[in-house]
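One-letter residues, chain by chain:
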Amino acid sequence: MATSKDYLNFILDQLSGLDGITHKQMMGEYIIYHNEKISAYLCDDRLLIKPVASAMRMLPDAKFEPPYDGAKDKILVENVDDRVFLTELFKAIYDELPFPKKKK
C-alpha cells in the first residue's frame, strides 16, 4: 500500500510552521526534507523518523517499525495530530541528522 496524497498533504500542513520543508516521491512513498536533510519517511500512511537521541527522549515509548521490508527500523510517530509537537520534534532532531552525501 502506498502513502496517499491526502496523508502527505496532511503531514505537510502539520509541518507548515517550519521553513525549509520539502518532499520527494519515491516508489509511491515520500521522503520529507527539512533544510535539505532527510528528516522523515512517509510509508504506508505512517510517519517514520530516524531513532536519534533527541527523538528517543521525546518519544520514549515509541514503536519501531521498518519503512519497508528489509529496511532498518525507524521510530513510528503516532502523535501526528499535534502540530506543535511535530514542529518541536523536527526542530529537536535536526542537528543530529546528517546532510545528504554529495553526488560525485
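In this report, the structure presented in the accompanying data block is examined. Since the model is a prediction, treat every value here as computed from it, not as a measurement. (Residues numbered from 1 in each chain as written. Predicted model: local features only at pLDDT ≥ 70, side-chain atom pairs only at ≥ 80, totals over all residues. Heavy atoms only, no water.)

1. With respect to the sheet that holds strand E2 (residues 29–34)
Consider a sheet: its strands pair through backbone hydrogen bonds, and that pairing is either parallel or antiparallel. Spatially, E1-E2-E3-E4-E6-E5 is the arrangement adopted by the six strands of the open sheet, whose pairing is antiparallel. The open sheet is flanked by strand E1 (21–26) and strand E5 (64–65), the only strands paired with a single partner. Summarising the sheet, strand E4 (residues 46–49) and strand E6 (residues 74–77) pair through three bridges and their orientation is antiparallel. Across the sheet, residue Leu47 finds its bridge partner in E6, namely Val77. The strands touched by helix H1 (residues 5–14) within the sheet are E1, E2, strand E3 (37–43) and E4, with E2 carrying the most contacts at an inclination of about 15°. (Pairing = 2+ DSSP bridges. Helix = DSSP H or I, 4+ residues; strand = E, 2+ residues; numbered from the N terminus. Contact = heavy atoms within 4.5 Å. Axes fitted to C-alpha atoms, helices over the stretch in contact; angles between N-to-C directions.)

2. Things to note about the pairing of E1
The sheet contact formed by E1 and E2 spans six bridges and is antiparallel. Within the sheet, the bridge partner assigned to Lys24 lies in E2 and is Ile31. Counted between consecutive antiparallel strands, the loop separating E1 from E2 contains two residues, among which Met27 sits at a positive phi close to 50°.

3. Observations concerning H1
If you check which residues of H1 are buried, you get Tyr7, Leu8, Ile11 and Gln14. For H1, the angular spread of the buried residues around the axis is 125°, confining them to a single face. The exposed set on the far side of H1, more than 90 degrees from its buried face, consists of Lys5 and Asp6. Considering only its buried residues, H1 is in contact with E1, E2, E3, E4 and helix H3 (83–94). (Buried < 20%, exposed > 50% of the residue type's maximum accessible area, 1.4 Å probe, protein only. Arc of directions from axis to C-beta.)

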